[in-house]
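Examining the three-dimensional arrangement
The primary structure of each chain is shown beneath.
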Amino acid sequence: MGRFFTPICLLGLLSACTAQVTSTSSPPPLIDRGANRAHSSTSTVEGRHQAELRYGRYTLVSTEPTPEQRDLLAQIIEVTIPSSLSPSVEDALHHVLQRSGYSLCPATPSVQVLFTRPLPAAHYRLGPITLRSALQVLAGPTWPLTVDEVSRSVCFTQQTIDLAALPPTSVLSRSPEARP
């Protein structure tokens, strides 16, 4: 009995494997032999077309520039100013602007006051911070940043302070008569 049962089971299994199944689904996709080539496609995201490239099997890469590539001053930087230089503010600004695509404007007599100041110890290490914010931190709040996008130069102008607009401050006297 065991002799006849084993061949019959094998025949049944083999016949099940060769059965024709009709399917109404679409045929399977063809396998691309050049899977590492880039294929372009477009996808609709919120009503606009964004070009994408397909690399390999599972990777889609956008061909649109990143915000940091569009606005160079928005790039995130992390910078350490070498303390061996005993840097001035001008040295630090030049160091931060390296490889940014921007240059520092020529020093005018009014800006020379800022540029010759020694760099505060708190500014030797900056970041992660945007390039625009780093430049403004190095210059300080009284030196507004102006950017010439045509020549890609960064300039600072001294902010004029209107003394009449400042709130009055009280001066405390150290004399013994001022005590209550």
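Everything quoted here is computed from the prediction, not taken from an experiment.

A few words on the overall build of the protein chain. Scanning the protein chain from terminus to terminus reveals five helices and eight strands. Taken from the N to the C terminus, the helices and strands of the protein chain come in the order α-β-β-β-α-β-α-β-α-β-α-β-β. When each of the 180 residues of the protein chain is scored for burial, the buried share is 21%. Long-range pairs, those at least 24 residues apart, make up 48% of the contacts in the protein chain with a sequence separation of at least 6. By element, 59% of the accessible surface of the protein chain is carried by carbon and sulfur atoms, the whole surface being about 14,200 Å².

We now examine the layout of surface pockets. Taken as a whole, the second largest pocket encloses approximately 170 Å³ of empty space. As for the second largest pocket, its lining consists of Gln75, Ile77, Val79, His95, Val96, Gln98, Arg99, Ser100 and Leu131. Among the secondary structure elements, those contributing two or more residues to the lining of the second largest pocket are β4 (76-80) and α3 (89-97). Classifying every residue of the lining of the second largest pocket gives four nonpolar, four polar and one charged.

Three or four residues apart is the spacing at which side chains of an α-helix point the same way, because the helix has 3.6 residues per turn. Among the residues making up α3, those that are buried are Val89, Ala92, Leu93, Val96 and Leu97. Down the axis, α3 shows its buried residues gathered within 130 degrees of arc, on one side only. Just downstream of α3, Arg99 is the residue with a positive phi angle, here 60 degrees.

Where α3 meets helix α5 (residues 131-139), the axes come as close as 10 Å, and the angle between the chain directions of the two elements is 175 degrees. Of the possible angle classes, the one that applies to α3 and α5 is roughly antiparallel. Packed against α3, whose contacting residues are Val89, Ala92, Leu93, Val96 and Leu97, the element α5 presents Leu131, Ala134, Leu135 and Leu138 at the interface. Counted by class, the contact of α3 with α5 contains nine nonpolar, no polar and no charged residues.

Sheet topology note: the strand β7 (residues 145-148)/strand β8 (residues 153-156) ladder contains four bridges and is antiparallel. Following the sheet pairing, Thr146 is matched in β8 by Cys155.

Ranked by internal contacts, the top residues of the largest apolar core, which has 27 residues, are Leu93, Val96, Leu135 and Phe156. Only β4, α3, α4 (109-115), β6 (125-130), α5 and β8 provide two or more residues apiece to this core. If we skip the residues at most four places from it in the chain, Val96 touches Ile77, Val79, Ile81, Leu131, Ala134, Leu135 and Leu138.

Our focus in this paragraph is α5. Among the residues of α5, Leu131, Ala134, Leu135, Leu138 and Ala139 are the ones counted as buried. The arc enclosing the buried residues of α5, seen along the axis, measures out at 130 degrees, which places them on a common side. The inward-facing, buried residues of α5 contact β4, α3, α4, β6, β7 and β8. Positive phi shows up at Gly140, right after α5, with a value of about 100 degrees.

Under the defined criterion, the tally for this structure stands at three salt bridges. One salt bridge connects Arg70 with Glu64, and the closest N-O pair in it is separated by 3.5 Å. Of the residues examined, Arg70 reaches a relative accessible area of 58% and is grouped as exposed. Residue Glu64 is classed as partly exposed on the basis of its relative accessible area of 37%.

Here we come to the confidence of the model for the protein chain. When pLDDT is averaged across the protein chain, the result is 77; 62% of the residues are at 70 or more. pLDDT under 50 marks residues 41-47. Its contacts with residues more than four places away, or in other chains, come to ten contacts.

Each value, and the rule that gives it
Along each chain, the written sequence defines residue order, and numbers are assigned to residues from 1. In keeping with the model being predicted, local features are shown solely for residues with a pLDDT of at least 70 and side-chain atom pairs are shown and tallied solely at 80 or more, while totals for entire chains, interfaces and linings include all residues. The side-chain quantities take in all heavy atoms of the structure and omit both hydrogens and water. A helix here means a DSSP run of H or I that spans at least four residues, while a strand means a run of E at least two residues long, and both kinds are numbered starting from the N terminus. Using a 1.4 Å probe on the protein chains alone, a residue whose accessible area is under 20% of its type maximum counts as buried, one over 50% counts as exposed, and one in between counts as partly exposed. The contact criterion used throughout is that any non-hydrogen atoms of two residues lie within 4.5 Å. Here, Shrake-Rupley sampling with a 1.4 Å probe gives the accessible areas, and only protein chains in the shown set may cover a residue. Both site types are read off a 1 Å grid over the protein atoms alone. A 1.4 Å probe that fits but cannot get out defines a cavity, while an open set with protein on both sides within 12 Å along at least five of seven lines defines a pocket; lining residues have an atom within 4 Å of a point. Grid points are joined across faces, edges and corners, and a volume is the space filled by probe spheres set on the points. Following the grouping adopted for this structure description, the nonpolar residues are Ala, Val, Leu, Ile, Met, Phe, Trp, Tyr, Cys and Pro, the charged ones are Asp, Glu, Lys and Arg, and the polar ones are all others, Gly among them. The arc in question is the one spanned by the directions pointing from the helix axis to the C-beta atoms. Geometry is summarised by axes, namely lines fitted to C-alpha atoms with helices restricted to the contacting stretch, and by angles between N-to-C directions that run from 0 to 180 degrees. Comment on the angle field: the value is read as roughly parallel under 35 degrees, roughly antiparallel over 145, roughly perpendicular from 65 to 115, and oblique elsewhere. Pairs of strands are assigned from DSSP output, requiring at least two bridges between the strands. Residues belong to a common nonpolar core when they are buried Ala, Val, Leu, Ile, Met, Phe, Trp, Tyr or Cys residues joined through side-chain atoms within 4.5 Å. Between Lys or Arg on one side and Asp or Glu on the other, a salt bridge is scored when a side-chain nitrogen of the former is within 4 Å of a carboxyl oxygen of the latter. Each residue carries a pLDDT score, the predictor's own confidence in it, on a scale running from 0 to 100.

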